[in-house]
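The chain contents come next:
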Amino acid sequence: MFKYFAFFILSLLSLSVFADCKSEFEKGNFVEAFGVCQKESLNDASPDAQFIMAKIYAKGLGVGRDTTQAINYLSQAAQNGHIEGMFNLGMAFELGKGVDKNINAAFEWQLKAAQKGWLKAQRKIATMYEHGRGVNSDPIEAYNWYQKAAEQGDADSQLELGAIYMQGISLPSKVIPRDSEKGLHWIRKSANQNNAEAQFALASLIIDEKTAEGIEFYKKSAKNGNKFSMHNLASIYLKGDIVEKDLVTSKYYAQMALDVGQKSSQSILDHINKIEGITTQTASVEKEEPVSVHSNNKELVVNKPINDITPIVLETAPTDNTLISLLETSNYIIQLASMEKQASVNAFIKKYNIKDKTHILYLSNKNRYLVLSKPKEFLTQARALQNELNEILSGTSWLRKTPDILSLIQE
């Protein structure tokens, strides 16, 4: 009897010895975890325990929520080399949660985590270098960190890296040449990871040459909630240029886009309703057929009878040298639309009342008109202008580097 009793006592002691902070926390035994982790956290060689204590206090698991204590333990964990702790402390400084907002401190902690290989921190550092948050803007460093994160499989970074290759980087110190093949490679990798924005971008890039595949990626992107893909599908099925015309499918995607805030899709619905409601007034239908406008690789539909529009004198002549010289001395431009017909340009400008806010550049080699904003030297100015134009257009304009616009002239 004594033998079995001794065995029982030893078993309990063994359970006590082998119970540890991490295992108790992972099992959801938060009260037990608190006691074990609190003891372990006193040892600076146990940053895991300190990080778990930070999570316990931050989320109020088994104890009352206490942001001050959470930051205290998080700081200890980060200072003792806990990689995720470094990342989270950086986020706390960036957002001002539990500490005073300090973007410079945020960058320092994110950089430490990124250098140790933490994927989310690498992406964060890339965006901070790109936008000059907590550090001077450095496109090459942004590229380097996006590449590190992309190679580790981060879908968002793969999309960003693909976009960099599609545009290229040209600086006095270093050049990342434009490489469409590499750009498509990385965007496709991101799209294959179900990134809705990458699926939209890939579809827009390949739709002319690989129509079936482009349609499939638009559908995947739409399924994942991308409103621009929904709108483009509605427009494609309405026009019937590259697929068989299908008003039912067009209406389905237009309504889907409208439901998630793509206001321009209302024009497609209105046009389909007119078609469905008219039996013998064919001439009227032809007169009021919408004008398709490409903007940001997505289509807007301008529901204006072209015959009723008073022609607008374009601000610039085809490939105007004055505009080109303006572009050459600045860094950023907003591309509002790309169209084949001057009448379409006139309708677009009239609808949104942006005559004094735009330049028109004609690409004779592509037989297209680009509707552009006035050039801006700095990214901050360009982004402010982009936000202003977005409100006017009830959509999203396309921020581009002016060298990329100029390169279209030579292509």
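Residues numbered from 1 in each chain as written. Predicted model: local features only at pLDDT ≥ 70, side-chain atom pairs only at ≥ 80, totals over all residues. Heavy atoms only, no water.

## Describing the packing of aromatic side chains
Working step 1: Within this structure, the stated rule accounts for ten aromatic pairs.
Working step 2: Considering the side-chain rings of phenylalanine 34 and tyrosine 57, the 5.9 Å spacing of their centres and the 80° angle between planes classify their relative orientation as edge-to-face. Taken together, the residues span a long stretch of sequence, with phenylalanine 34 in helix α3 (residues 30-41) and tyrosine 57 in helix α4 (residues 47-59) at a distance of 23 residues. For the pair phenylalanine 34 and tyrosine 57, a shared accessibility class is recorded, and that class is buried.
Working step 3: Three or more aromatic residues joined by ring pairs form one cluster here, namely Phe34, Tyr57 and Tyr73.
Working step 4: For lysine 112, the ring lying beneath its charged end belongs to tryptophan 109, and the centroid distance is 4.3 Å.
Working step 5: Lying across the ring of tryptophan 145, lysine 148 places its NZ or CZ 4.8 Å from the centre. (Phe/Tyr/Trp six-rings, centres within 6.5 Å; stacked < 30°, edge-to-face > 60°. Helix = DSSP H or I, 4+ residues; strand = E, 2+ residues; numbered from the N terminus. Buried < 20%, exposed > 50% of the residue type's maximum accessible area, 1.4 Å probe, protein only. Lys NZ or Arg CZ within 6 Å of the ring centre and 35° of its normal.)

## A look at the pairing of strand β5 (residues 332-339)
Working step 1: Counted residue by residue, β5 has eight buried out of eight residues, so it is predominantly covered.
Working step 2: Across three bridges, β5 lies against strand β8 (residues 398-401) in antiparallel orientation. The residue of β8 that forms the bridge with isoleucine 333 is arginine 400.
Working step 3: Two strands pair when backbone bridges link them, and β5 and strand β7 (residues 368-372) are joined in this way by four bridges, in the antiparallel orientation. Residue pairing in the sheet places alanine 337 in a bridge with valine 371 of β7. (Pairing = 2+ DSSP bridges.)

## Let's talk about the packing of α3 against α4
Working step 1: Here α3 crosses α4 at 135°, and the two axes come no closer than 8 Å. As the angle between them shows, α3 and α4 are arranged oblique. Crossing angle aside, the handedness with which α3 passes α4 is left-handed. Between α3 and α4, the contacting residues are Ala33, Phe34, Cys37, Gln38, Glu40 and Ser41 on the first element and Ala49, Gln50, Ile52, Met53, Ile56 and Tyr57 on the second. (Axes fitted to C-alpha atoms, helices over the stretch in contact; angles between N-to-C directions. Parallel < 35°, antiparallel > 145°, perpendicular 65-115°, else oblique. Left-handed = near helix turned anticlockwise from the far one by under 90°. Contact = heavy atoms within 4.5 Å.)

## Topic: helix α20 (residues 379-393)
Working step 1: In this model, α20 (15 residues) spans 20 Å end to end at C-alpha, consistent with the 21 Å of a helix rising 1.5 Å per residue.
Working step 2: All buried positions along α20 are accounted for by Leu379, Ala382, Leu385, Gln386, Leu389, Asn390 and Leu393. Across the axial projection of α20, the buried residues extend over an arc of 145°, all falling on one side. Opposite the buried face of α20, at more than 90 degrees from it, the exposed residues are Thr380 and Glu391. (Expected span 1.5 Å × (residues − 1). Arc of directions from axis to C-beta.)

## Here we look at the packing of helix α5 (residues 67-79) against helix α6 (residues 83-95)
Working step 1: The N-to-C vectors of α5 and α6 enclose an angle of 130°; their axes lie 8 Å apart at closest approach. Viewed along their axes, α5 and α6 adopt a mutual orientation that is oblique. Where α5 crosses over α6, the two elements pack in a sense that is left-handed. Between α5, through Ile71, Leu74, Ser75 and Ala78, and α6, the contact on the second element is made entirely by Gly85, Met86, Asn88, Leu89 and Ala92.
Working step 2: Its residues placed into classes, the contact of α5 with α6 shows six nonpolar, three polar and no charged. (Nonpolar A, V, L, I, M, F, W, Y, C, P; charged D, E, K, R; others polar.)

## Topic: the nonpolar core
Working step 1: Met53, Phe93, Ile125, Tyr143 and Trp145 are the most contacted members of the largest nonpolar core, which has 49 residues in total.
Working step 2: If sequence neighbours within four positions are ignored, tryptophan 145 has contacts with Leu111, Ala114, Gln115, Gln122, Ile125, Ala126 and Tyr129.
Working step 3: By size, the runner-up hydrophobic cluster in this structure holds 29 residues, among which are Ala201, Leu202, Ala203 and Ile236. (Core = buried A, V, L, I, M, F, W, Y, C linked by side-chain atoms within 4.5 Å.)

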